[in-house]
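Now for the letters of each chain:
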Amino acid sequence: MKTPAAFPTFPLRDAPGYGQPLAWSVPPDRNALETLSGAIWNVAKQTGQRPLVVLSTAGPLMALRSSLERHRPAKIPPQIAFLPEVMSLSDWLGSAPQSWTFPKVQTPIERWLAVYAALQAHPKLRAWFKAESEAGAWGLAQAIIAACDTLSSVVLSQPTLLLEPQQGGASSDGWLSLLEKLLEEAIEEAYPALARKVVDREAEVLLLFWRYLSDAGNPIVRKHLALAAYQEAAKKAQHARPFVWVQTADGLASERAVMQRFMDEYAVHAPVVDISLNWSDVGLWPEALSAGEAEAGQVSQAKQDAIHNAKAAYRGQWRLLSANRFEELAWMAAKSVEEHIISGKKNIALVAQDRLAARRTRALLARFGPALAIRDETGWKLSTTRAAAALHSWLSLIRAPKEGPSAADLLEFLQNPFVDIPAILGKDPQDCNGLIAELEDRLIAAQAHSGWESFYIAMEGVRYGTVFRQAPANPLLLELLQFVRGRSVQWRSKNVDVSQAYQQLQGDITAFGMATTLADDSAGKQLLDVLLTLEMPLQPNSIKSIQLRLSEWISLLSSAIEEASYQEDSKEAHANLSILPLSSTRLREFDAVVMVGCDENQLPAFSEPPLFFSEALNRLLHGSTIENEFKQQARDLSQLLVSCPAVDLLWQSKSANGEPIRAAAWIQRLQMALPKWQTETQTSCSGSVKRVGTSVRMDGASATPNAALPLPLSMSPSSYRTLRDCPYRYYVRSLLGLRKQHGFDEGIDASLAGQAIHAVLHQFFRALKTHEQTNLSAIAYGSDKRRAWMTQHLNQTSERIFARFIEGDERVLGVLRDWQKQIPSFIEWQLERESAGWRYLDGELHVGFDLPFTAEDGGLRMMRIEGYVDRIDTHIDSASAAVLDYKHQTVKKVRDRAASVLDDPQLLIYARAVTDADSNVPMQGRTVTDAEWVALKADIKNRHGSAERSVAVADLADTALQSMAQITEDVELLWARKTLNAFAPDSVCRYCESRGICRKGMW
């Protein structure tokens, strides 16, 4: 073990200088941890006690502990054989003696609420700072708190304001009385001076908030209480433990002053070693060497020293790699990591100066699988995890309007993996398989965009009277919807209490089974810990009982989750990759480092300036300035290059628009000092392979049904139309069952509107028929009373049936109003039809017939052709009947349909089915002689008389015979398993689900 020769020796207790801290410095080179470990063990041996080592930052904590274990002296007294206790500053302050007697520290949530309450009481403040939204107000509250903490740190760092330990024990009352006096003195001393320096309105508001937030529960005050408690403990102890302070990074001047005073006081009772980092032989740039403002001669000397350090450190272990594009940069970074792993390196760091490139690189490295353990330390937000997304999906539901959430929000919540559907329903998991998939299919099919009533309608199926065209959904779906609605309705109040809202949210998480699933997930467990910060016992007249609007409380919860960072679990693997920022590489050992983002735009990187502090005010308050950040990053990069055996610096040489991007200025200056260090370029993605081939022209899509593929024994009119439109489309859609995944359309679904009007007409005509049988004289045919009755009841039926659709989606109201404009004209058309002798018989009937055909083997088979007929009329003066089919289309489109009736023989099929011997329609010996389409969107511009609505099939008898022969031929060709060619016209292909398969447009 290498022991630092210059490490000082502690004087005897009664010798001059014993009560002073011993200052010592360590060069942060590749031997820094070894040297530091030797010094700490030296302290233990000299004092015969186990020293307490405190680091100013937590990054090097594990590395130092490992180094101390590796360099444990061979012969050491038993009382100091254990490793010296190594802690970060925050952990050490948190474990102060008798900390339970301190005044209760304010949690971040409590401080946010306190400031937010003040902002609520003064809306002008939010307007001044452009924070009218809830999220903006919470962000402003956090910025105010951060600024007030900065002021408190500066004020409490003054020499005259050092906290003294309470005599005779640190009771809570004693601390409070001491703090009240001390804080009052501090504010009275600092407030006038700061007010004179900064007189703008924002600063005045900030200082008022500082007065409001400065109390005994302030976390900054608690830090000073902890230091005072340690001093008191050292004073009472017979032999206080040696204290070793390691300044791993340049801190704020105020923080440094506080620690220096603490060490001066502590050194009276025990040995103290103040260890800092010596950059004289490590800094590669003058700014990494200078400690502040320097004379011109000193700057010149610093430049020469930096060049000397760079030449001494460079041994060919640095590589500078450039790529033209972002994707090439990520591939190059992944390739560099792979090369280091192949060369036997186990501990690799990926420094994420460019976070997007680092994340893309991580995705590429996922192909290594469990052989590479990846740990992200870049402050990955907890809000980006799927656990947080699951919680946010529930928050989206509870903030939905009273009519109900959108279908997208509902599905997003129920489809997330943390919701336990079997636990909610109390069913076996097998019974719940495919449940959410069925829900999604039904909502999309019904185009139920939003609203609980729309969802219920979708679950009921398409129903006309007592007939279902689509079977009702699984009863478990309705039970699930009612359960989710019941939980969300509990959040309907305008205001929520912070404490009660937390309890209610925990109840929701438990009810949905998320408490267990989140606890089993790494991110979910951390999310539950964040939620615990919102748990506050209800106290009257307390900030904890503040009333917030629901949206404000949700914004508070979202802000708390956004502030939390996700910590990945570590695991054993062949190699380890740490993704971390440059600042986290301090005093850590890596076998190799790959750094992405080393261009002039991203290196160095500066944080956003504080909301309230200008650069001048920051200097006055000894806060963090751009110069400080610049110097610290220069030192961090110097330490990384000097201490690591292999460093790859990567950067993107061209922007998205093709403009050149240079390497960072620090790198360019190093290249000037080191002519042999040149940039290696990358012109294509690593791992890409050039492939050569020839294309073959496609003459058309075709397919032959597989011999093992079962052929259909039934067919609906719509399926037959698909077969006529394009046999290839029928093969893909009906035989293979391949369908495009649909979503929710932006507009109103036309089929949904048509179904609603179909239901209206069906119920209206059934009511009309019933009324005729009981009181025909009141509505005699041809009378004005009949017209008035029909108009009134058709409007009432329309309002009643559309009411549920409108409750789910208010846009349906426009469809209802358009239909109501059609009602007078439709009544006139119906009355004219009645005057011609036609009477309504029934509607929405399921009809069908068996079509005989010859299979390929010569055997006779039957194809069941069936569907739903919209309406059947009979004639009073003959044995004639008519089948009618409603179309929610214009008359022009209906005429186009009539022109190609053999390709869409729906009416012809219904005509045959109604008169079939096995038909369930009471035809009483009648024969269908008429088949008509009825347009529900007729031209009603003049609004007088009846508009043209119906278009009849010409020569029904002959056309029906041609249709049956054609259907028989098509079915026999299908069963012969002949080649099915795609030949549909563009009007059909435009909306074809199979177009992506047949690739029409390529042939």
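Student: For the overall build of the protein chain, give the residues involved together with the corresponding values.
Tutor: A tally of helices and strands in the protein chain yields 37 helices and 24 strands. Here the protein chain holds 1003 residues, and the buried ones make up 50% of them. For the protein chain, contacts bridging at least 24 residues in sequence account for 78% of all contacts bridging at least 6. Summing over all exposed atoms, the protein chain offers an accessible surface of approximately 47500 Å²; the carbon and sulfur share of this is 52%.

Student: Residue-level account of a nonpolar patch on the surface, with values.
Tutor: Side chains of Leu-736, Leu-738 and Ile-997 sit close together on the surface and give an oily, nonpolar patch of about 250 Å² of accessible area. Its place among the elements puts Leu-736 in the loop between α29 (727–735) and α30 (750–775).

Student: Now, about the side chain of Gln-247: what can you tell me, with residues and values included?
Tutor: Here Gln-247 lies in the loop between β4 (243–246) and α10 (253–266). Here Gln-247 is in contact with Ser-56, Arg-256, Ile-275, Ser-276 and Leu-277, once residues within four sequence places are set aside.

Student: How would you summarise the environment of Leu-534 if you had to cite specific residues and measurements?
Tutor: Note that Leu-534 resides in the loop between α23 (522–532) and β12 (547–549). The exposure class of Leu-534 is buried, given its relative accessible area of 1%. The spacing of Leu-534 and Leu-556 is 22 residues in sequence and 9.4 Å in space, taken between C-alpha atoms. Ignoring any residue separated from it by four or fewer positions in sequence, one finds Leu-534 in contact with Ile-109, Val-498, Tyr-502, Trp-553, Leu-556 and Leu-557.

Student: Go over the pairing of strand β13 (residues 575–580), please, and point to the residues and values.
Tutor: Most of β13 is tucked away, with five of its six residues classed as buried. Relative to β13, strand β7 (residues 347–352) runs parallel, the two sharing five bridges. Considered in β13, the bridge of Ala-349 is made with Ser-578. Summarising the sheet, strand β8 (residues 372–376) and β13 pair through five bridges and their orientation is parallel. Bridging from a neighbouring strand, Leu-372 pairs with Ala-575 of β13.

Student: Tell me about the pattern of salt bridges, and please be specific about residues and values.
Tutor: A full pass over the atoms with the stated rule returns 45 salt bridges. Among the ionic pairs, Arg-487 bridges to Asp-508, the shortest N-O distance being 2.6 Å. Taken as a pair, Arg-487 in helix α20 (residues 475–489) and Asp-508 in helix α21 (residues 498–511) lie far apart in primary sequence, 21 residues in all. Judged by relative accessible area, which is 0%, Asp-508 ranks as buried. For the salt bridge of Arg-724 with Asp-970, the shortest nitrogen-to-oxygen distance reads 3.0 Å. Taken as a pair, Arg-724 in helix α28 (residues 717–725) and Asp-970 in helix α35 (residues 956–975) lie far apart in primary sequence, 246 residues in all. Looking at Arg-724, the relative accessible area reads 25%, which means it is partly exposed. Asp-970 gets classed as buried once you look at its relative accessible area, which sits at 14%.

Student: With reference to specific residues and values, describe helix α19 (residues 452–460).
Tutor: The buried fraction of α19 is high, at eight of nine residues. For α19, every residue scored as buried is listed here: Trp-452, Glu-453, Ser-454, Phe-455, Tyr-456, Ile-457, Ala-458 and Met-459.

Student: Break down the packing of helix α16 (residues 407–415) against helix α18 (residues 435–445) for me, with residues and values.
Tutor: For the pair α16 and α18, the least separation of the axes is 11 Å and the interaxial angle reads 170°. When the axis of α16 is compared with that of α18, the two are roughly antiparallel. Here Ala-407, Leu-410, Leu-411, Leu-414 and Gln-415 of α16 come into contact with α18, specifically with Ile-436, Leu-439, Glu-440 and Leu-443. Among the residues making up the contact of α16 with α18, the classes are represented as seven nonpolar, one polar and one charged.

Student: Can you explain the nonpolar core? Please cite residues and give values.
Tutor: If you look at the biggest cluster of nonpolar residues, it comprises 77 residues, and the most contacted ones within it are Ile-421, Leu-443 and Trp-553. Membership of the second largest hydrophobic core comes to 62 residues, among which are Ile-40, Leu-68, Val-86 and Val-244.

Student: Outline the sheet that holds strand β3 (residues 85–88), supporting the account with residue identities and numerical values.
Tutor: The parallel open sheet is built from five strands, whose spatial order is β1-β5-β4-β2-β3. On the outer flanks of this sheet lie β1 (22–26) and β3, each paired with one strand and no other. Along the sheet, successive strands turn relative to each other by an average axial angle of 20°, direction set aside. Sheet analysis places β4 next to strand β5 (residues 272–277), joined by four bridges and oriented parallel. Opposite Phe-243, over in β5, you have Val-272 as the bridge partner. Here helix α1 (residues 32–47) sits on the sheet in contact with β1, β2 (52–55), β4 and β5, set at roughly 155° to β1. In the packing of α10 onto the sheet, the strands contacted are β4 and β5, and the crossing angle to β4 comes to about 160°.

Student: Outline the side chain of Glu-772, supporting the account with residue identities and numerical values.
Tutor: As for its position among the elements, Glu-772 is in helix α30. A distance of 3.1 Å separates polar atoms of two side chains, one belonging to Glu-772 and the other to Tyr-781. Residues in contact with Glu-772, not counting those within four places in the same chain, are Ile-779, Tyr-781 and Arg-786.

Student: Give a detailed account of unusual backbone geometry, specifying residues and quantitative values.
Tutor: Pro-604 follows Leu-603 through a cis peptide bond whose omega is 0°. Tracing the chain through its elements places Pro-604 in the loop between β14 (592–596) and α25 (615–620). For Arg-977, which is not glycine, the phi torsion reads 55° and is therefore positive. Tracing the chain through its elements places Arg-977 in the loop between α35 and β24 (980–981).

Student: Would you mind going over the packing of aromatic side chains in detail, with residue names and values included?
Tutor: Enumeration according to the criterion identifies 24 aromatic pairs in this entry. Between Trp-394 and Phe-413, the ring centres sit 5.2 Å apart and the planes meet at 40°, which makes this aromatic pair tilted. In this pair, Trp-394 sits in helix α15 (residues 386–398) while Phe-413 sits in helix α16, placing the two residues 19 residues apart along the sequence. Through a chain of ring-to-ring contacts, the aromatic side chains of Phe-764, Phe-765, Trp-789, Trp-819, Phe-826, Trp-829 and Tyr-840 assemble into a single cluster. Above the plane of the ring of Tyr-781 lies Arg-839, whose end atom (NZ or CZ) is 3.8 Å from the centre.

Student: Lay out helix α24 (residues 550–563) with the relevant residues and their values.
Tutor: Between its terminal C-alpha atoms α24 stretches 20 Å, which fits the 20 Å expected from 14 residues at 1.5 Å a residue. Most of α24 is tucked away: ten of the 14 residues are buried. For α24, the set of buried residues is Leu-550, Glu-552, Trp-553, Ile-554, Ser-555, Leu-556, Leu-557, Ser-559, Ala-560 and Ile-561.

Student: Lay out the packing of α28 against α29 with the relevant residues and their values.
Tutor: Each pair of packed helices can be summarised by the angle the axes make with each other and by the distance between the axes. Packing of α28 against α29 leaves a shortest axis separation of 5 Å and a crossing angle of 135°. The angle between α28 and α29 falls in the class oblique. Here α28 contributes Ser-719, Thr-722, Leu-723 and Asp-725 to the contact with α29, which in turn contributes Pro-727, Arg-729, Tyr-730 and Ser-734. Partitioning the contact of α28 with α29 into residue classes produces three nonpolar, three polar and two charged.

Criteria and thresholds
- Residues numbered from 1 in each chain as written.
- Predicted model: local features only at pLDDT ≥ 70, side-chain atom pairs only at ≥ 80, totals over all residues.
- Heavy atoms only, no water.
- Helix = DSSP H or I, 4+ residues; strand = E, 2+ residues; numbered from the N terminus.
- Buried < 20%, exposed > 50% of the residue type's maximum accessible area, 1.4 Å probe, protein only.
- Contact = heavy atoms within 4.5 Å.
- Areas by Shrake-Rupley, 256 points an atom, 1.4 Å probe, with all protein chains shown as cover.
- Patch = residues over 30% accessible without salt bridge, like charges linked within 9 Å, V, L, I, M, F, W, Y side chains within 5 Å.
- Salt bridge = Lys/Arg side-chain N within 4 Å of Asp/Glu carboxyl O.
- Pairing = 2+ DSSP bridges.
- Axes fitted to C-alpha atoms, helices over the stretch in contact; angles between N-to-C directions.
- Parallel < 35°, antiparallel > 145°, perpendicular 65-115°, else oblique.
- Nonpolar A, V, L, I, M, F, W, Y, C, P; charged D, E, K, R; others polar.
- Core = buried A, V, L, I, M, F, W, Y, C linked by side-chain atoms within 4.5 Å.
- Polar contact = N/O pair within 3.5 Å; in protein donor to acceptor, adjacent residues only side chain to side chain.
- Phe/Tyr/Trp six-rings, centres within 6.5 Å; stacked < 30°, edge-to-face > 60°.
- Lys NZ or Arg CZ within 6 Å of the ring centre and 35° of its normal.
- Expected span 1.5 Å × (residues − 1).

Scope: geometric values only; no functional claims are made or implied.
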